[in-house]
Each structure stands twice: as C-alpha cells, then as structure tokens.
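# Structural characterization, general
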Amino acid sequence: MKYILALDQGTTSSRAILFDSGGSITNIAQKEFAQHFPQPGWVEHDPMEIWTSQSQVATEALTASNLGAGDIAAIGITNQRETTIVWDRETGQPIYPAIVWQDRRTAETCSALKDSGLERTVQEKTGLLLDPYFSGTKVSWILDHVSGARQKAENGELAFGTVDSWLIWNLTGGKTHVTDATNASRTLLFNIHTGDWDDVLLEMLGVPRALLPIVESSSGEIAKVTNLKSCAGIPIAGIAGDQQAALFGQNCFQPGMAKNTYGTGCFLLMNTGDTPVASHNNLLTTVAWKIGNRTEYALEGSIFIGGAVVQWLRDGLGLIKKAEDIEKLAASVSDTGGVYLVPAFAGLGAPHWDPYARGTIVGLTRGTTDAHLARAALEAIALQSGDVLAAMQRDAEIDLEEVRVDGGASRNNLLMQIQADLLGVPVVRPKVTETTALGAAYLAGLGVGIWSNVDEIKNYWQIDQTFNPQQFEDCMSELRTGWDRALNRAKNWVPKTGE
C-alpha cells in the first residue's frame, strides 16, 4: 500500500498526517511553535522555526508508522495563507520574521490606498478587498523597513513566498521557488482572471516581479524532496492554502456546496464553479483550486478570531485548563445572561472589514459568571459565521441545504448545535475532521494517479453527526439583534492617525 504525507503548516502548529489510499488517517505528528507579538496588532513567526518544526513532524510521522520514503507516493502541502516571508536567495535566510495573516501593521497603508480610490481596481482584478490581512502590503512593508531590501529585491537577490513557497524552497534545497493558484490569489498581487501576477498591482504596491514565485496548479508533480533525509525523493504533488484544501477535503466539488472550518479563525467557503462570482456584500472571490488547466472559484468569508477566543479564555483569563473544557462550562448555563463577547482582537474580517475594531464584552452584571463568558465565546464564533453565511447567500443567490464543518472546534457539540440554530440549516460533521490535511492529500494523490478523478474521492467522505436546527427563529432573531448592537460598540475603536 502506498501512503500520502500531508504537511499541514498552521498558524499555531506544524503537523504531518499520513493517509492511506482510502483517505483514512494512519498517523499524526504535531509540534507547536512560538507566537510573537512585538507591538499591539503585530503578529510574527520565526520562519526557521516554521521549517524546523514542519520537517521534524514529517520525520516523526514516518518513523512512528515504521515507514520510509519509498512507502510514500506523494507529499501534499497546505498552509496558513497570507503569512509573508522574504528571504535571501543565496543564503536561504529570512531577512525579517514572517508577518502573520492576523497582523494589522499595514492598516494605514490600506486606508490610504482606499482613499486614493484604488479598492475597486483591486477587487476587480483579485477578488479581494484592501485589508492588511493579505500579503501584498506586508511584502512592501518589509522592503521598506529592512535596510537595503528594496534594492536587493529589484536586483533579484530576494524571494517572497507564502508558507507553502517557503517549505518547498527548503524541501528542495533552494532549487524550487513556486506557489499554487490558491495561495497566489491571497496576495493582492495576482489577477484571478488572467491567472498571472498583475503588473498594475505590483506597481501599485511597490513589489518587484523578481521577488515572486512561479504559480503552479494545485495538483500535479511539482518537485522532489532533496533536503530532508526522511522524505528524500518523494514528489511534492499537491499545494493549496488551508481553506481551499478544506473545501476540497470536504468534497465540495459542486457549485453551491459550502464548508466552515473552525480553526484559529473561521473560514466559510462556497464553491461557485469555473466562474468567479463578484461579491457585493464584502466577501472575497478566491481561487478554490486549479487542476490541470481548469480553475474553479469560491466565495469566502474570513473570520479572524474563531477558536483563538477559546485559547484566550484558557491562556489569557485562566477560565479553563484545556480548550475542550469550554463545552462543559458553557453548557452549565442555558444562556449568556445577556452577555456578548466580540472577539475583534485583530480587527473584524468579513463582512465588516474593520481593522480598527477591538475586542469587546458588553452586558456584564454582578451575576455574570465564567460560564456566561464561556457560552458568549461559543456564541460569538457561531454569530460571526452567521454574518458571513447571510452575505454569502445574498451574493450567490443560493439557499444552502447544509454546511459541512471541520477543524478543531467542530468537535464541540454545543457549538455545532448553536451554529445550526443560528444558520437555520443542518450542520454536518464528517468522520474525518482533518479535512485541511485530507484535501492536500487528495490533491497530491490525484497528482500522482493514486485516484483518477474526484468522483472516486467522493466514495471516502462519511458523516459523523448531523446537527439540525432546534431553536425557534424569533429566539435567534433576538440573539442576532443583540449581537449587532455589540458589534457596533467594537467597531472603529482604535483611532486612525490624525483623529
């Protein structure tokens, strides 16, 4: 039997997951790495720690399964998107820490571009909005703040990449500088209609073309590993940003099918087929995947803080010892007692797009307990997803029949029930919730012929549990009204320069 190794490089940890040819998990290895917050609103990672942690878990997963490189048909890579790394092509050393997707330091740059009337051009070409979330302004910031970097970039001495590019560069010993269409579509530099980097956007953001990787398909052999002994010779045959990989892993192959991933953030994507659907409700139009010469697209709503609010209750406030403890604590009360928690720790994403928003708790009384805060945190995750889904249905003009869910927090039954009640449609959790890694594995397997087409892959998707709506609509309407009031108090909290 041949196996597929998925490298799942996330925001807080690097993981390696082995799948067999039936799409079942054989082994998982995981290693957390440090988060750096040098200033309020700034989030950084050490690129070398990303690489070493990912290479370590890849070796660990193979060793624990008593497998060698010859047993692995292909490697699939999926990654935290938008996180930006710039490195020296000759030395392979980063010139600055990785600026993480959550980072807000370029908010004023984005505001200035908006004030110049450029957002419509950006949206028409990229499907994105002008927000510090995306890579383009991060690249420009690094070039402007590292001595000599801009000149070196123009001379072709530096390389930019999202995390997939960085991993492949290191896996191949600096021989291969590539990305795929899903990751490229998250940079503000890629034209999703032409399928290439866009000169107008490059000039607008001040990013030299010489920095950029080659854009490949999401499935197909791209390179072979040469710089990691345990994986030497294994073809890298699948690449996709984490949320697109999850859409693929959830078998959302038909237009109108949608999934929601509950990770550090929450990401709701709907397949729109081979036609990009322009959003009129502050969502993103993004590449879902490119296989061969066929590109498929998706509508996406990105929520910056999802499961991270549970980590904050654990690490910041000490209300729980383990993340999974929140379900029992939240279930000990029937409601929040009127408390709303808006987890805008890194601003608000879709459909609000307010980088100046900040976290807010309203409705506190002397009767408020840790249980009320815990339940308010779970409701906040579900309410944010509800905002996105409502916008998505207006854009696509499709009434969803169900939402497929995955990610760590999807194992929280109370959260899933709250989500079903708020959305008013069934929430379906599959047996394999590691769908981000599974999607990367499927893309890699397709790339080397383990599976011949997506119809074959559909046979492996199985339901674990379906959560049907149970609450009355008027109860949910009251909850949403209170949420909207709380949102308004969180928005535009940080004053802009000059205000």
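Structure's up top.
First, a word on what this report is: a plain description of the structure on this page. Source: prediction; values computed, not measured.

As a further point, take the environment of Lys114. You can see Lys114 is positioned in helix H2 (residues 107-115). Sequence-wise, Lys114 and Asp131 are 17 residues apart; in three dimensions their C-alpha atoms are separated by 9.5 Å. When sequence neighbours within four positions are dropped, the list of residues in contact with Lys114 reads Glu119 and Leu130.

Glancing now at empty space enclosed by the protein. Considering all chains together, one arrives at one cavity of 30 Å³ or more under this definition. For the largest cavity, the calculated volume is near 40 Å³. Around the largest cavity, the lining residues are Ser302, Ile303, Leu348, Gly349, Ala350, His352, Gln384, Asp387 and Trp483. Elements represented by at least two residues in the lining of the largest cavity include exactly strand S18 (294-303) and helix H12 (370-396). Residue composition of the lining of the largest cavity, grouped by class: four nonpolar, four polar and one charged.

Below, the discussion takes up the packing of helix H10 (residues 308-316) against H12. Direction vectors running N to C along H10 and H12 enclose 160°, while the axes themselves pass 9 Å from each other. Overall, the two elements H10 and H12 adopt an arrangement that is roughly antiparallel. Note on packing geometry: the crossing formed by H10 with H12 is right-handed. Facing H10, whose interface residues are Val309, Val310 and Leu313, H12 presents Leu373, Ala374, Ala377 and Ile381. The residue inventory of the contact of H10 with H12, partitioned by class, reads seven nonpolar, no polar and no charged.

Rules of the game
- Residues numbered from 1 in each chain as written.
- Predicted model: local features only at pLDDT ≥ 70, side-chain atom pairs only at ≥ 80, totals over all residues.
- Heavy atoms only, no water.
- Helix = DSSP H or I, 4+ residues; strand = E, 2+ residues; numbered from the N terminus.
- Contact = heavy atoms within 4.5 Å.
- 1 Å grid on protein atoms, 1.4 Å probe; cavity = no way out; pocket = protein on both sides within 12 Å on 5 of 7 lines; lining within 4 Å.
- Points joined across faces, edges and corners; volume = space filled by probe spheres on them.
- Nonpolar A, V, L, I, M, F, W, Y, C, P; charged D, E, K, R; others polar.
- Axes fitted to C-alpha atoms, helices over the stretch in contact; angles between N-to-C directions.
- Parallel < 35°, antiparallel > 145°, perpendicular 65-115°, else oblique.
- Left-handed = near helix turned anticlockwise from the far one by under 90°.

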